[in-house]
Amino acid sequence: MKPFLVLSLILLGLLFFEKGQAIADHNCLLISPILSNANVRNHKRNRVPEHATREDIKFVKQSLLPPGWDPKLAGDEVLKRLITVTASQARGAHDAEMVLVGNYAYVVAEVNDIRSGERANWPFIYVAMSIVNLQTLAVEKIISVAKSDQAFANDVLPHGACFVPRIIQKDEKTLRCYFASENPDIRQSQTWFTDFDLGSQTFDNRIYKAKIKTADGVFDMQPQYFYADAAKYGFKKEAKDYGMYLFDSFKVFDGKTYIAINNYVGRQNGLAILNKAFDTFEIIAHFNEPQELQLCEPAINRLPDGTWMAIIRQNGGNYMFSTSHDGLTWTRGEYKDFVPNGENSKPTFDKFNGVYYLGWQESTHINGKGRTVFNVDISQDGKNWERKYRFEAPQSFQYPTFHEHNGSIWLTVTQGSTERIMFGKLEATR
């Protein structure tokens, strides 16, 4: 081979090598916000960190955020857009959920008109729905759904708080709202439901007891049956007669509707399937280990390889994670490096357009107040995460829910000392 040809090939090879290194370095820097300082320095020197795995490198090339992304600035922009959806007379409000249909959001929450905060033994807590126009962001109507001692056409609610509502679209014409009626240490709490007609924009003047299905049979949905089923699998904590709630958002996998259930005061967690009639919750799994910790309020999703994963609140500590290959048998909870400093509050775990959104309360306090920092991290594989939003709100940012509808992700969130429910757009998805 002629000398000039050899020299040309060498120079051409060097050119492509440098170009490839520059491209790799650019892709690595896309996720610099989630790398340690040492790793960022390595990337700036055009080197992948020594400990990086093949999957890490693959992820680096598929960063979901543009260079220079600022999670706090993104969070601040969302906060500016939020509106209050609770009534002006409300003094306390918490733990909202919503359904989006057509041009409207139907937001349900536990509310009271007497004082800020919430307690299961406050009988003046009731369930309310706010109907929000998605185009104008105007609250067009607020409806009282259920309250203590309320008489319906077919039954009367017993004395006690109406707590932790959840809502789902049952069919094209109907929304179904579930809530717990409870009176601690007096009686077993009971989960009820009532239906909302989308055509007339009114609730049916009837209520019904939801059912729970366990290995022992079908019963009224009360904590005692949830506890008895868990006890068969080694659950040893004290039984409680209240605190059992439908907790996570409803999620559909393989044509079945799932929801995480917990007993907050009993520190008990399970996974349930909602039947086709939308009236019975079948308990298919329990995940409560390690029992010496105070685990509750889980959020669940499935990863690309089919693995189930739950992020679980820990009272007095950081979030823990449990996984399952089939949704039936779950691992002992463990900590994950990508959630290093969580606080005891509700997490979220959603998937929108192939991207997972993991929301968790950070233990950092603003002005000495808890639940004032909330992070939302995103991932395509559930293993490698990037910070997309950091919400810093001196008046608190807690118990959010997120749902996608018509090309946008919307959220509800509790702010203040559980005083009001806010609503708005997180982002456009197309």
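Residues numbered from 1 in each chain as written. Predicted model: local features only at pLDDT ≥ 70, side-chain atom pairs only at ≥ 80, totals over all residues. Heavy atoms only, no water.

Enquirer: How should the nonpolar core be read in this particular structure?
Expert: Generally speaking, soluble globular proteins have nonpolar side chains that are buried together. In terms of nonpolar packing, the biggest core is built from 22 residues, with Tyr-106, Met-129, Leu-157, Leu-175 and Phe-196 touching the most fellow members. Sequence-distant contacts of Phe-196, that is, excluding residues within four places in its chain, are made with Tyr-106, Met-129, Ile-131, Ile-143, Lys-173, Thr-174, Leu-175, Gln-201, Thr-202 and Phe-203. Tyr-357, Tyr-389, Phe-391 and Leu-411 belong to the second largest nonpolar core, which has 20 residues in total. (Core = buried A, V, L, I, M, F, W, Y, C linked by side-chain atoms within 4.5 Å. Buried < 20%, exposed > 50% of the residue type's maximum accessible area, 1.4 Å probe, protein only. Contact = heavy atoms within 4.5 Å.)

Enquirer: Please explain helix α5 (residues 223-231) as it appears in this structure.
Expert: Think of an α-helix as turning once every 3.6 residues; residues three or four places apart then point the same way. Of all the residues in α5, the buried ones are Pro-223, Phe-226, Asp-229 and Ala-230. Around the axis of α5, the buried residues are gathered within 130° of arc, so they sit on the same side. Next to the buried residues of α5 lie β11 (211-214), β13 (244-246), β15 (256-263), β16 (268-274) and β17 (280-286). (Helix = DSSP H or I, 4+ residues; strand = E, 2+ residues; numbered from the N terminus. Arc of directions from axis to C-beta.)

Enquirer: Hey, could you run me through the packing of aromatic side chains in this one?
Expert: Here the distance between the centres and the angle between the planes together describe a pair of aromatic rings. Summed over all chains, the structure comprises 25 aromatic pairs. With 5.8 Å between their ring centres and 75° between their planes, Tyr-227 and Phe-235 make a pair best called edge-to-face. For Phe-235, a relative accessible area of 4% translates into the label buried. With centroids separated by 6.4 Å and ring planes inclined at 80°, the aromatic side chains of Phe-247 and Tyr-399 adopt a geometry described as edge-to-face. With Phe-247 in the loop between β13 and β14 (251-253) and Tyr-399 in strand β25 (residues 398-405), this residue pair connects regions lying 152 residues apart in the sequence. Both residues of the pair, Phe-247 and Tyr-399, count as buried. A cation over an aromatic ring shows up here: Arg-166 above the ring of Phe-247, its NZ or CZ 5.5 Å from the ring centre. Lys-346 extends its terminal NZ or CZ atom over the ring of Phe-247, reaching a point 5.7 Å from the ring centre. (Phe/Tyr/Trp six-rings, centres within 6.5 Å; stacked < 30°, edge-to-face > 60°. Lys NZ or Arg CZ within 6 Å of the ring centre and 35° of its normal.)

Enquirer: Explain the confidence of the model for the protein chain here, please?
Expert: Should pLDDT be low for a region, the predicted coordinates there are not to be read in detail. The predicted model of the protein chain has a mean per-residue pLDDT of 89, with 86% of residues at 70 or higher. In the predicted structure, residues 1-50 sits below a pLDDT of 50 and forms 38 contacts with residues beyond four places in sequence or in another chain. (pLDDT = per-residue confidence, 0-100.)

Enquirer: Looking at this structure, how should I read unusual backbone geometry?
Expert: Note: most residues except glycine have negative phi, and most peptide bonds are trans. The residue after Glu-289, namely Pro-290, is reached through a cis peptide bond having omega 0°. Within the secondary structure, Pro-290 is located in the loop between β17 and β18 (295-302). Although it is not a glycine, Val-164 adopts a positive phi angle of roughly 45°. Topologically, Val-164 is positioned in strand β6 (residues 161-169). Residue Val-164 is classed as buried on the basis of its relative accessible area of 6%. Of note in the backbone geometry, Thr-418 takes a positive phi value of approximately 45° without being a glycine. Counting through the fold element by element, Thr-418 comes out in the loop between β26 (408-415) and β27 (420-428).

Enquirer: Could you clarify how one ought to interpret the sheet that holds strand β20 (residues 320-324) in this entry?
Expert: What links the strands of a sheet is backbone hydrogen bonding, and the strands pair in either a parallel or an antiparallel sense. Spatially, the 3 strands line up as an open sheet ordered β18-β19-β20, and their pairing is antiparallel. Each edge of the sheet is formed by a strand with only one pairing partner; in this case those strands are β18 and β20. Shown here is a sheet whose adjacent strand axes are inclined to one another by a mean of 25°, direction ignored. As defined by bridge partners, strand β19 (residues 308-314) adjoins β20 across 5 bridges and the pair is classed as antiparallel. Residue pairing in the sheet places Ile-312 in a bridge with Met-320 of β20. (Pairing = 2+ DSSP bridges. Axes fitted to C-alpha atoms, helices over the stretch in contact; angles between N-to-C directions.)

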